[in-house]
Amino acid sequence: MQALRAIHLEEIIEAVREYQPDAEVDKILGAYAFASAAHKGQVRLSGEPYMSHPMQVAFILTKMKMDPAAIAAALMHDTLEDTEADPAQIRSIFGGEVLLLVEGLTKLSRLTFASKEESQAENVRKMILAMSNDLRVVLIKLADRLHNMRTLDFLPPQKQKFISQETMDIYAPLANRLGLHWIKVELENIAFKYLMPFEYKRIEGLMKERQEELDKFITSLCAQTRDLMLMEKIMGQVSWRFKHFYGIYRKMTEQNLDFDQIYDLIGVRIITNSLLDCYKVLGLVHTKWKPIPGKFKDYIALPKENMYQSIHTTVLTHTGRRVEFQIRSSQMHRNSEDGVAAHFRYKEGKRPPTKDDENFIWVKRLLDLGLSVDNSEEFIDTLKMDLFPNEVYVFTPKQEVKALPAGATPLDFAYGIHTQLGNHFLGALVNGKPVPPDYQLRNGDVVEVLTSNEQHPVRDWLKIAVTSHGRAKIKGYLRNAQKVESLRLGNEIVENELRRHGLDLKAFWTKETMEAAAVALGFKNAEVMLDRIGISSLSAYTVLHKLLPAEKWREVENRRKNYIASVTENLGVRVGDIHDMLIRFAGCCNPVPGDPILGYISAGHGLVIHAKSCPSLKSLEADPERLLEARWETAAKKQLRPVRILIKSLNRPGILARVSAAIAGCEANIASATVTATSAIEGDLDLTVEIEDLNHLQRILETVRGLDGIRSVERIMDARRAEKR
Ligand code: MN
């Protein structure tokens, strides 16, 4: 562990002034005083005063050229969580912007992530970004993590491992994605050291053994390269780097290589002033050293998918050591730095860049600009963006992070976990509290689903679920449930019909006869046929026709022709000598005693009585096999029946009062009334009146027609309200 030099406030101020000469350093001074007072008396496990930590974090942030608000927030980042400091105080002294940053960090510090799965890690990274609202929060968090990693030695071994794993899974990739390559490398190296101490030491030892030789070698190699360029009068920069320990380790394990087989242990990078110079330098390098076949890549002529441009070539140097050269122009270099995020992500995930990556390339550009270039509020505002406006990240009770589309509800969450969890969804607790069914999940919510085995999807759930996944599951369930129901119903209807005609089920309704009838009717199988009967698009009689031998069918048909439905006083219906049928009056025409009527046999719903003149009977294209003659029983008792009447009036004001008085005078009751203005004075009056029979109705209609200002009065048998069954 390298010893960390203590940071003084003056150094932070100086560093800020360097990239932002007119910076509001008062904010930083104030934050220092505030945090020092809050953390007074607290010490870190290292024995240092607690304040040393926020100071180091703030100093790291000056390397990212952060603005005074972010530096101030960094100094106070642990005050809300670990001290008595009051958010209201921070707001009143430093303003809402700084408070938002500190609160953002406090929120993140309360999260712990349990799973190590790669898909989980990706969700966690996105959740951190989504929860931050302001990219400065993530950057401060990364600086915080970096300093914590640098001082990890003071923690117990168990914690060291846990934090290192989290760093490896979450924070190093996050730094990488934001284009903060140096932070990524340092985080990985420290985490590697704690997670795999043996492997770390081994690579460290191997590097140390060769350090002197490598230093001498690379210095000489770079000098030779510069000389070559100088002789040809090519301007450019030559630099070099060692691969970081963790990178070496990965290469060794992933490609099963020995340490000495890693040819890119040292990389030389040459940045020229022009594209043409790149090829000139390449010529020089290849003339001086032998290129290794198969290790030459011209990404200038053929840029990578993410627009990365550079020449890569590995050569055999004078000492026999292989070295990779990267040659590019300064323009290409800038572009490649911009594209770093997409580039690394492509390598990590082994999939092409996605829309997210475009976001990150843009973020990287912002960070590269640095706050020193343009300190306008506009720039700060661009950091406060929503990186994932279309997604929301929530926790399961086991602390796994789930990504859902924005607007998702707990029901969507349940279906996202498991179909059965969704199908038995009863409700949910969010952050321990019950929420309404249409609650929209927010980033960081902990969602616990309550279930019941009695609970099943209902149509209304489609109003609550917003994800296509959840909706598809609900629709699938409903479709299936409906199918089960229609099959059951179809079977029952045929059975009832057979029984009614005294036919033996065992003889006429078997698997074989069923299938034969289905095929004869052109259906794929009996199931499809039963389903059709169940949903009323096929009549049981049509099936009976195919099912029964010819002479049996004739018997059935003859009997049926003689049936007449008789509507009796108890609103039962009589069909021939069968008494137990259900009866309903059609809602469309509302026949009243006296109206000529027809019975319509509806599958599973008994007999529906329509007026013979009902327009909806025609629109139903009623299957003639289902129509039965019907008549009112002469003994029918006076039963009140609702009837719709439409009155067109010339004199709207007061009309309802006059009409109601007239109808009351006829000893009838108005069940409902709607008045619609058709012009300034004219209007329609739509009434439902309860009457005894046709005579009663006629009397009412005549009375209303006789009133002043009435243009027309008619009974409505409205096909628009026709019932389908
Ligand atoms: Mn901290």
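Caption draft 1: Looking closely at the sheet that holds strand S22 (residues 710–715). A sheet is described by the order of its strands in space; here four strands give the open sequence S20-S21-S19-S22, paired in antiparallel fashion. A strand with exactly one partner marks an edge of an open sheet, and here the two such strands are strand S20 (669–677) and S22. Ignoring strand direction, the axes of neighbouring strands in this sheet form an average angle of 20°. With five bridges connecting them, strand S19 (residues 641–649) and S22 associate as antiparallel partners. Its bridge partner lying in S22, Lys 648 is registered against Ser 712. Packing of helix H29 (residues 655–665) onto the sheet brings it into contact with S19, S20, strand S21 (683–691) and S22, and relative to S21 it is tilted by some 20°. Relative to the sheet, helix H30 (residues 694–705) contacts S19, S21 and S22, its axis offset from that of S22 by approximately 165°.

Caption draft 2: Spatial organisation of the packing of helix H1 (residues 9–19) against helix H3 (residues 52–63). In the contact formed by H1 and H3, the axes pass within 9 Å of each other and the chain directions differ by 20°. Taken together, the axes of H1 and H3 are roughly parallel relative to one another. In the packing of H1 onto H3, the handedness of the crossing is left-handed. Contacts between H1 and H3 involve Leu 9, Glu 11, Ile 12, Ala 15, Val 16 and Tyr 19 from the first element and Met 55, Ala 58, Phe 59, Leu 61 and Thr 62 from the second. Residues of the contact of H1 with H3, tallied by class, amount to nine nonpolar, one polar and one charged.

Caption draft 3: Highlighting the coordination of the manganese ion. Around the manganese ion, the protein contributes the donor atoms His 53 (NE2), His 77 (NE2), Asp 78 (OD) and Asp 144 (OD), which lie 2.2 to 2.5 Å from the metal centre. Here the donor residues of the manganese ion share one chain and are spaced in sequence as H-x23-H-D-x65-D. Placement of His 53 in helix H3 and of His 77 in the loop between helix H4 (68–75) and helix H5 (79–82) is noted, with a sequence separation of 24 residues between them. Each of the two residues, His 53 as well as His 77, counts as buried.

Caption draft 4: Spatial organisation of the packing of helix H22 (residues 468–500) against helix H25 (residues 526–534). Two elements in contact, H22 and H25, have axes separated by 7 Å at closest approach and are oriented at 85°. In this view, H22 runs roughly perpendicular relative to H25, as classed from their interaxial angle. On H25, the residues that touch Lys 483, Ser 486, Leu 487, Leu 489, Gly 490, Asn 491, Ile 493 and Val 494 of H22 are Glu 527, Leu 530, Asp 531, Ile 533 and Gly 534. Here the residues of the contact of H22 with H25 sort into six nonpolar, four polar and three charged.

Caption draft 5: Just the nonpolar core, in detail. Judged by nonpolar contacts, the single largest core of 113 residues is most densely connected at Ile 12, Leu 61, Met 64, Ile 71, Met 76 and Phe 325. With 11 residues, the top contributor of residues to this core is helix H12 (residues 197–231). Counting residues in each nonpolar core, the second largest holds 24 residues, with Leu 489, Ile 533, Ala 540 and Tyr 541 among its members.

Caption draft 6: Fine view of the side chain of Thr 688. For Thr 688, the position within the fold is in strand S21. With sequence-adjacent residues up to four places away left out, Thr 688 is seen in contact with Pro 642, Val 643, Arg 644, Asn 669, Ile 670, Ala 671 and Ser 672.

Caption draft 7: Representation of the sheet that holds strand S11 (residues 447–451). Taken in spatial order, the three strands line up as S10-S9-S11 in an open sheet, and their pairing is antiparallel. Unpaired on one side and paired on the other, strand S10 (433–434) and S11 mark the two borders of the sheet. One ladder, built from five bridges, connects strand S9 (residues 425–430) with S11; its direction is antiparallel. Bridging from a neighbouring strand, Phe 425 pairs with Thr 451 of S11. In this fold helix H19 (residues 410–417) packs onto S9 and S11, with an angle of close to 85° to the strand it touches most, S11.

What counts as what
- Residues numbered from 1 in each chain as written.
- Predicted model: local features only at pLDDT ≥ 70, side-chain atom pairs only at ≥ 80, totals over all residues.
- Heavy atoms only, no water.
- Pairing = 2+ DSSP bridges.
- Helix = DSSP H or I, 4+ residues; strand = E, 2+ residues; numbered from the N terminus.
- Axes fitted to C-alpha atoms, helices over the stretch in contact; angles between N-to-C directions.
- Contact = heavy atoms within 4.5 Å.
- Parallel < 35°, antiparallel > 145°, perpendicular 65-115°, else oblique.
- Left-handed = near helix turned anticlockwise from the far one by under 90°.
- Nonpolar A, V, L, I, M, F, W, Y, C, P; charged D, E, K, R; others polar.
- Donors = N, O, S within 2.8 Å, 3.2 Å for Na, K, Ca; no water.
- Buried < 20%, exposed > 50% of the residue type's maximum accessible area, 1.4 Å probe, protein only.
- Core = buried A, V, L, I, M, F, W, Y, C linked by side-chain atoms within 4.5 Å.

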